[in-house]
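# Structural description and commentary
Here's the letter readout for the chains.
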Amino acid sequence: MAYQTVNPYTNEIVKTYPDATPEEIETALTKGAKLYQQWRSTNIQSRADTLHHIADLMRKHEDSLAKTMVIDMGKLLKEAKGEVELCAIIADYFADHGADMLKPTPIKSGAGDAWVEKHATGVVLMVEPWNFPYYQIMRVFAPNFMVGNPMILKHAANTPGSAVAFEQLVKEAGAPDGSLTNLFLSYDQVGTVIADSRIQGVALTGSERGGKAVAAAAGENLKKSTMELGGMDSFIVLPDADLDQVMKVARQVRLYNAGQVCTSSKRFIVAANLYDEFLKRLGEQFASVKPGDPLDAATTLAPMSSAKAKNKLQQQVKEAIEKGATLYQGNTPINLPGQFFEPTILTDIKPENPAYSEEMFGPVAQVYKVESEQDAIALANDSQFGLGGIVFAGDKQHGAQVAGQVETGMEFVNTFMYTLPELPFGGVKKSGYGREMSTLGLEAFVNEELIVAKDAPELDNLAGALF
Ligand code: NAP
């Protein structure tokens with residue numbers, strides 16, 4: 001497997017990196033295990049200070065960090081800068097709140113004074129995708145750094161530049177050696193690392209295919225894992241929704257990051273009374289994008305991340321149309337050398353069409369017409385995925401009631417998706433399990449150790465006693 005940066009705007013091969021050697025893997029595991037022991041007896045405040053420093057450095061190096069991502073995978077420079085700032089926000093948040101979140105939780109119990117302490121567990125392996133090259137790392141890094149779990153990173157094969165940049169930044173901030181070690185691991189080597197006794201957790205963000213393979217390896221070795229996988233997020237527009245408000249977000253929730261977002265609104269489910277107008281206005285918005293150099297501030301449509309990603313999407317759209325979908329707009333070649341895909345709208349997608357159930361990871365919107373609220377909820381739930389979703393309603397409370405009936409991990413009413421460190425991120429069904437960020441994410445690889453303490457045993461009260 002080659003770790004390689006190929007600029008998706010110019011198609012130039014920028015740099016190729018060799019796979020990790022067995023010696024590098026052993027060194028990373030040894031350092032990580034040593035640091036885990038060391039961190040068990042050091043004050044959490046020093047890690048909070050370092051994490052703040054990491055946030056400061058992200059802001060200081062925003063331009064160069066953002067450009068590295070743009071060259072690796074093609075996102076718009078403006079979006080890349082936003083991602084760097086988001087990483088800094090996440091780092092600051094866990095630096096500020098990590099210690100409180102890790103305080104023991106008291107339990108009222110007949111057994112005695114009881115509480116749950118939250119301890120580190122050991123080295124965590126994170127396997128990350130290319131679509132948000134720093135943010136995906138930071139979601140795991142910041143909380144686990146505070147917990148005291150050293151980390152090994154296996155990044156996507158097409159974003160090695162970003163992996164190296166993140167690792168260097170952590171070093172520059174003065175984090176101890178072994179805090180985050182980037183390794184260019186092959187799939188077999190990922191298996192070897194997971195099997196190693198020094199690894200205590202595995203966090204993957206990626207596709208169902210990658211998730212299944214890595215979760216299986218984790219399961220076989222009885223390692224705890226979290227899986228942040230794909231989505232077919234619905235965007236429900238109820239009959240009383242304000243279409244002007246809807247249209248303020250509709251384009252972005254599908255085209256942001258060239259449509260390569262797990263929580264993109266991949267299925268617009270629109271009440272019949274608003275359907276025609278919605279389609280017309282979404283079409284106008286999609287047609288207004290300006291493809292071009294992602295480093296140019298005037299560009300509004302970035303290339304997709306790679307030729308492979310574009311070809312896969314092209315094939316999916318072709319098949320969807322062959323199997324009966326109507327091409328409302330788009331799907332014509334863009335006359336630029338990069339991996340551009342014209343924003344496309346498909347309608348009339350029936351359940352037997354593969355497009356109905358497969359994630360399309362690029363700028364393709366599916367639009368469905370529904371006759372009732374119950375039909376909208378049923379359609380939204382008729383998916384193997386359950387990551388996130390959006391509901392637009394005339395009334396916020398009513399929108400929230402509908403949102404609560406959609407089987408996902410995250411729903412947003414009358415607004416776009418937010419990802420902020422205090423909000424848990426993750427899904428259900430084939431979108432995976434576990435959560436990242438928030439207290440839930442921080443606790444993903446924590447040993448919740450129960451302590452019960454008494455002055456002396458009470459032999460006249462044996463309810464629940466095991467001895
Ligand atoms: P992917 O192919 O599963 O890759 C993700 C990571 O897993 C990469 O580092 C990849 O390495 C690695 N990987 C894949 N198969 C593996 C295997 N058999 N053994 C070991 N490692 C393996 O995912 P992708 O297609 O690049 O990323 C897009 C997907 O991620 C979409 O489905 C998207 O919805 C999902 N995603 C989910 C979230 C979330 O939070 N739920 C966030 C972002 C993206 P290589 O690059 O070397 O193949």
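In the block above lies the structure referred to throughout.
Calculation rules
- Residues numbered from 1 in each chain as written.
- Predicted model: local features only at pLDDT ≥ 70, side-chain atom pairs only at ≥ 80, totals over all residues.
- Heavy atoms only, no water.
- Axes fitted to C-alpha atoms, helices over the stretch in contact; angles between N-to-C directions.
- Helix = DSSP H or I, 4+ residues; strand = E, 2+ residues; numbered from the N terminus.
- Parallel < 35°, antiparallel > 145°, perpendicular 65-115°, else oblique.
- Left-handed = near helix turned anticlockwise from the far one by under 90°.
- Contact = heavy atoms within 4.5 Å.
- Nonpolar A, V, L, I, M, F, W, Y, C, P; charged D, E, K, R; others polar.
- Pairing = 2+ DSSP bridges.
- Phe/Tyr/Trp six-rings, centres within 6.5 Å; stacked < 30°, edge-to-face > 60°.
- Buried < 20%, exposed > 50% of the residue type's maximum accessible area, 1.4 Å probe, protein only.
- Lys NZ or Arg CZ within 6 Å of the ring centre and 35° of its normal.

Attention now moves to the packing of helix α3 (residues 62-73) against helix α6 (residues 160-172). Where α3 contacts α6, the axes come no closer than 8 Å and their chain directions differ by 160°. With respect to their mutual orientation, α3 and α6 come out roughly antiparallel. α6 is crossed by α3, and the crossing has left-handed handedness. Taken together, the residues of α6 that come into contact with α3 (itself represented by Leu65, Thr68, Met69 and Asp72) are Pro160, Gly161, Ser162, Ala165 and Leu169. In terms of residue class, the contact of α3 with α6 is made up of five nonpolar, three polar and one charged.

If you trace the six strands from one edge of the open sheet to the other, you get β7-β6-β5-β8-β9-β19, paired in mixed fashion. With one partner strand each, in any of the chains shown, β7 (180-182) and β19 (432-433) form the two edges of the open sheet. Bridge count between strand β9 (residues 224-228) and β19: two bridges; the pairing is antiparallel. Bridging across to β19, glutamate 228 finds its partner in glycine 432. Lying over the sheet, α6 contacts β6 (151-154) and β7, oriented at roughly 150° with respect to β7.

The next point concerns the sheet that holds strand β4 (residues 113-120). Strand order in the open sheet made by the three strands is β3-β4-β20, with antiparallel pairing throughout. The sheet terminates laterally at β3 (105-107) and β20 (446-453), the two strands that pair on one side only. Averaged over all pairs of adjacent strands, the angle between their axes in this sheet comes to 25°, without regard to strand direction. Alignment of β4 against β20, held across eight bridges, turns out to be antiparallel. Within β20, the position partnered with histidine 119 by the bridge is asparagine 447.

Positionally, glycine 404 belongs in the loop between α14 (396-403) and β17 (410-413). Here the alpha-carbon distance between glycine 404 and isoleucine 377, two residues 27 residues apart in the chain, equals 9.9 Å.

Before going further, it helps to spend a moment on the packing of aromatic side chains. When we look at a pair of aromatic rings, we describe it by the centre distance and by the angle of the planes. What the rule picks out here adds up to 17 aromatic pairs. With a centroid separation of 5.0 Å and an interplanar angle of 50°, the aromatic rings of tyrosine 17 and phenylalanine 184 are classed as tilted. Taken as a pair, tyrosine 17 in strand β2 (residues 13-17) and phenylalanine 184 in the loop between β7 and α7 (187-195) lie far apart in primary sequence, 167 residues in all. Classification of tyrosine 17 by relative accessible area gives buried; the value is 15%. Relative accessible area serves as the criterion here: at 11%, phenylalanine 184 is assigned to the buried category. Ring geometry for phenylalanine 412 versus tyrosine 418: centroids 6.4 Å apart, planes at 35°, classification tilted. Judged by relative accessible area, phenylalanine 412 falls into the buried class, the value being 14%. Seen from the ring of tryptophan 39, arginine 47 lies directly overhead, with NZ or CZ sitting 5.0 Å from the centre. Lying across the ring of phenylalanine 425, arginine 139 places its NZ or CZ 4.2 Å from the centre.

None of this, on its own, says anything about what the molecule does.
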